[in-house]
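Listed below are the residues making up each chain.
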Amino acid sequence: MIVYHGSYCIVNKPDIRYSREALDFGKGFYLTNIKEQAINWSKKFKIRGKKAYLNIYELELEKIKKAYKIKIFSNYDEEWLDFILECRNGSFIYKDHDILIGGIADDRVYNTMELYIDNLISKEETLKRLKYYKPNNQICIVNQEVIDLHLKFIKAEEV
């Protein structure tokens, strides 16, 4: 599977140690199989006066499925919501998985989540509102071994 990572630099050897904490799926290397999504992410760096790159990789997902633990969130549902909130709070609940795949809590999604966090709407109302958002896709590799053995850098293109 071809996957993408938008960045301000070329990332030919991803290393989880340089990842930030408290993201949607915790600390890991984030990719997407949606090219336009990665391009849009990298454009945020251009706005800040930096260069922007689309890093392109081959992810051996079928091999990974046989040897590692993968968690897939198919929808913005209660399980996804609870998991995202835990990870964004710095919890390490993802330790049972090597790869996490699912929707992104982008700005519009997170605005709804914040209403829930601030106790302005119920969990049920939050989930009802999230049904109207089309999930995009993120792939978070939290196990460095998966990167080293099953993620092959192809090239980087300046955006």
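Our subject is the structure listed above.
Bear in mind the structure is a predicted one, so any value in this text is a computation, not a measurement. (Residues numbered from 1 in each chain as written. Predicted model: local features only at pLDDT ≥ 70, side-chain atom pairs only at ≥ 80, totals over all residues. Heavy atoms only, no water.)

Colleague: Looking at this structure, how should I read the state of the cysteines?
Modeller: Here the structure, examined in full by the defined rule, presents zero disulfides. For the unlinked cysteine Cys-9, the closest cysteine sulfur is that of Cys-140, found at 17 Å. Take Cys-140: it sits in no disulfide, and the sulfur closest to it among the cysteines is that of Cys-87, at 8.1 Å. Residue Cys-140 is classed as buried on the basis of its relative accessible area of 0%. (Disulfide = S-S within 2.5 Å. Buried < 20%, exposed > 50% of the residue type's maximum accessible area, 1.4 Å probe, protein only.)

Colleague: Help me out: how do you make sense of the sheet that holds strand 6 (residues 138-141) in this one?
Modeller: Pairing is mixed in the open sheet, where four strands are placed in the order 2-6-5-4. Two strands bound the open sheet, and with one partner strand each, they are strand 2 (29-31) and strand 4 (70-72). The sheet shows a mean angle of 15° between the axes of neighbouring strands, direction not considered. Where strand 2 lies against strand 6, three bridges are found, and the strand directions are antiparallel. Bridge pairing links Leu-31 to Ile-139 in strand 6. (Pairing = 2+ DSSP bridges. Helix = DSSP H or I, 4+ residues; strand = E, 2+ residues; numbered from the N terminus. Axes fitted to C-alpha atoms, helices over the stretch in contact; angles between N-to-C directions.)

Colleague: Would you mind showing me how to read the pattern of salt bridges here?
Modeller: When their charged atoms lie close together, side chains carrying opposite charge are able to pair. Overall, the coordinates contain 10 salt bridges when judged by the stated rule. The shortest N-O distance in the salt bridge between Arg-88 and Asp-24 comes to 2.7 Å. Placement of the pair is Arg-88 in helix 3 (residues 78-88) and Asp-24 in the loop between strand 1 (2-7) and strand 2, with a sequence separation of 64 residues. With relative accessibility at 29%, the residue Arg-88 sits in the partly exposed group. Accessibility expressed as a relative area gives 5% for Asp-24, which makes it buried. Residue Glu-157 pairs with Lys-155 through a salt bridge whose shortest N-O separation is 3.1 Å. Judged by relative accessible area, Glu-157 falls into the partly exposed class, the value being 28%. (Salt bridge = Lys/Arg side-chain N within 4 Å of Asp/Glu carboxyl O.)

Colleague: What exactly am I supposed to notice about unusual backbone geometry here?
Modeller: A negative phi angle characterises most non-glycine residues, just as the trans form characterises most peptide bonds. Located in the positive-phi region is Asn-119, a residue other than glycine, with phi close to 60°. Relative to the elements of secondary structure, Asn-119 occurs in the loop between helix 4 (107-117) and helix 5 (123-130).

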